[in-house]
Amino acid sequence: MEETTSKLSGRVALVTGAASGLGKEIAMTFARAGASVAVADLNGDGAEVVASEIRGFGGNAIGVKMDVTDEDAVNTATDSVVAALGSVDVLVSNAGIQIVSPISEFSFSDWRKVQSIHVDGAFLTTKAALRHMYKDDRGGVVIYMGSVHSHLASPLKSAYVTAKHALLGLSRTLAKEGAAHNVRSHVVCPGFVRTPLVEKQIPEQAKELGMSEEDVVKNVMLGGTVDGIFTTVEDIAQTTLFLAAFPTAALTGQSFVVSHGWFMQ
Ligand code: NAD
């Protein structure tokens, strides 16, 4: 193992969208912290690659193909994780996409696709995990991947901003309902992180906004930060680990913004 920390020793974590970007780093970080990790993704082969990377450094992980928008697939995959690893103690609902367009031109099918992956996906994975977390009130922690866009808006991102705001509502409701069963919930809200999701947006936004790609990065993406620096996958993984390992409901129903001061609450 690369690290010897054992903050999540004996715990089972299911991370969605974990074949890439933030989800991948969270899965690796949790495994280094001693968790058994289910690496879940629509891209089943990619999930297996990450799981085998984890096993390569001595961690315990399985790859799971899961489309978070499909109720049967989510239930079956979650049950298979419990069968293989024993439980689900931590759910990180992280799978997501971005589609940029002005509201006046946003196609309804694209709108629905964004809501479906972010909002339906969060609901379905939560519901599937709760069936296990509520059993004998064993409890658990659910962490949603929100965004600075859970708190503020940007042009061209109506569907994403709406979906990321919705996660605050789901998380806060779960914090209230789950307390009696020892379940806590949070939303982690990153600023811009250079993952494939963001790399794709740079040329798209440059085109829509009539700017150079350099200006999109400097002014649109990082213009509101205190230091012009991207948030990193490690920043988000460490924050998520802290919340997953925190032992009591002193912290529940909260939103944690990790954004170089872009949004302050
Ligand atoms: P990414 O594109 O690198 O990874 C997203 C993963 O989600 C991919 O592996 C993809 O296959 C998977 N996925 C997509 N649809 C799915 C589905 N229906 N079911 C299961 N998996 C699916 O993106 P990322 O930047 O790592 O984003 C992860 C999360 O973080 C998203 O929710 C995103 O909105 C959020 N986020 C990202 C940033 C950023 O700057 N990168 C900032 C704030 C929030």
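A brief look at the structure comes next. (Residues numbered from 1 in each chain as written. Predicted model: local features only at pLDDT ≥ 70, side-chain atom pairs only at ≥ 80, totals over all residues. Heavy atoms only, no water.)

Where helix α4 (residues 108-133) contacts helix α5 (residues 158-178), the axes come no closer than 8 Å and their chain directions differ by 20 degrees. By the criterion of interaxial angle, the relationship of α4 to α5 is roughly parallel. The hand of the α4/α5 crossing is right-handed. Where α4 approaches α5, its residues Trp111, Val114, Gln115, His118, Val119, Ala122, Phe123, Thr126 and Leu130 are matched on the opposing element by Ser158, Ala159, Tyr160, Thr162, Ala163, Lys164, Ala166, Leu167, Leu170 and Leu174. The residue makeup of the contact of α4 with α5, split by class, is 13 nonpolar, five polar and one charged. (Axes fitted to C-alpha atoms, helices over the stretch in contact; angles between N-to-C directions. Helix = DSSP H or I, 4+ residues; strand = E, 2+ residues; numbered from the N terminus. Parallel < 35°, antiparallel > 145°, perpendicular 65-115°, else oblique. Left-handed = near helix turned anticlockwise from the far one by under 90°. Contact = heavy atoms within 4.5 Å. Nonpolar A, V, L, I, M, F, W, Y, C, P; charged D, E, K, R; others polar.)

Here the focus is the side chain of serine 150. Relative to the elements of secondary structure, serine 150 occurs in the loop between β5 (140-145) and α5. Overall, serine 150 belongs to the buried group, its relative accessible area being 1%. Excluding residues within four positions of it along the chain, serine 150 makes contact with Lys164, His165, Leu168, Val187 and Cys189. (Buried < 20%, exposed > 50% of the residue type's maximum accessible area, 1.4 Å probe, protein only.)

On to the site of the ligand. As a structural note, the neighbourhood of the ligand is formed by 28 residues, with Ser20, Asp41, Tyr160, Val193 and Thr195 the closest of them. Between asparagine 94 and the ligand, the recorded distance is 2.8 Å, taken from a backbone N or O atom to an oxygen atom. Contact distances for the ligand include 2.6 Å between an oxygen atom and a side-chain N or O atom of tyrosine 160. Here the ligand has 830 Å² of accessible area as a free molecule, and 91% of this is covered by the chains. (Near = heavy atom within 4 Å. Polar contact = N/O pair within 3.5 Å; in protein donor to acceptor, adjacent residues only side chain to side chain. Areas by Shrake-Rupley, 256 points an atom, 1.4 Å probe, with all protein chains shown as cover.)

Despite not being glycine, aspartate 136 has its phi angle at roughly 55 degrees, a positive value. You can see aspartate 136 is positioned in the loop between α4 and β5. The residue asparagine 182 is not glycine, and still its phi comes out positive at about 65 degrees. Note that asparagine 182 resides in the loop between α5 and β6 (183-190). For asparagine 182, a relative accessible area of 45% translates into the label partly exposed.

Turning to the nonpolar core, a few remarks are in order. Ile26, Phe30, Val37, Val39, Ile54 and Ile236 are the most contacted members of the largest nonpolar core, which totals 35 residues. Every element with two or more residues in this core is listed here: β1 (12-16), α1 (21-32), β2 (36-41), α2 (44-56), β4 (90-93), β5 and α8 (233-245). Formed by 30 residues, the second largest nonpolar core is a distinct cluster that contains Ala40, Val74, Leu168 and Val183. (Core = buried A, V, L, I, M, F, W, Y, C linked by side-chain atoms within 4.5 Å.)

With that out of the way, let us pick up the packing of aromatic side chains. Applying the stated criterion across every chain yields a total of three aromatic pairs. Their ring planes at 15 degrees and their centres at 5.4 Å tell us that phenylalanine 192 and tryptophan 262 sit as a pair that is stacked. Of the two residues, phenylalanine 192 sits in the loop between β6 and α6 (196-209) while tryptophan 262 sits in the segment after β7 (254-258), which places them 70 residues apart along the sequence. Of the two residues, phenylalanine 192 and tryptophan 262, both sit in the buried class. When the ring centre of phenylalanine 57 is taken as reference, the NZ or CZ atom of arginine 32 above it lies at 5.0 Å. (Phe/Tyr/Trp six-rings, centres within 6.5 Å; stacked < 30°, edge-to-face > 60°. Lys NZ or Arg CZ within 6 Å of the ring centre and 35° of its normal.)

What follows deals with α8. Its 13 residues give α8 an end-to-end C-alpha distance of 18 Å, which sits within 8% of 18 Å, the value for a rise of 1.5 Å per residue. Restricting attention to buried positions, one finds in α8 the residues Val233, Ile236, Ala237, Thr239, Thr240, Leu241, Leu243 and Ala244. For α8, the secondary structure elements touched by its buried residues are α1, β4, β5, β6 and β7. (Expected span 1.5 Å × (residues − 1).)

With parallel pairing, seven strands are arranged side by side in an open sheet as β3-β2-β1-β4-β5-β6-β7. The two strands at the open ends of the sheet, each matched to only one other strand, are β3 (60-65) and β7. Looking at each pair of strands side by side, their axes are set apart by 20 degrees on average, direction ignored. Examined bridge by bridge, β2 and β3 share six bridges and lie parallel to one another. Counted as the bridge partner of valine 37 is alanine 61 from β3. α2 contacts β2 and β3 of the sheet and is inclined by roughly 180 degrees relative to β3. (Pairing = 2+ DSSP bridges.)

Locating glycine 253 in the fold gives a position in the loop between α8 and β7. Judged by relative accessible area, which is 17%, glycine 253 ranks as buried. Distance from glycine 253 to serine 171, taken between C-alpha atoms, is 5.9 Å for residues 82 residues apart in sequence. Setting aside residues up to four positions removed in sequence, glycine 253 forms contacts with Ser171, Arg172, Ala175, Ser185 and His186.

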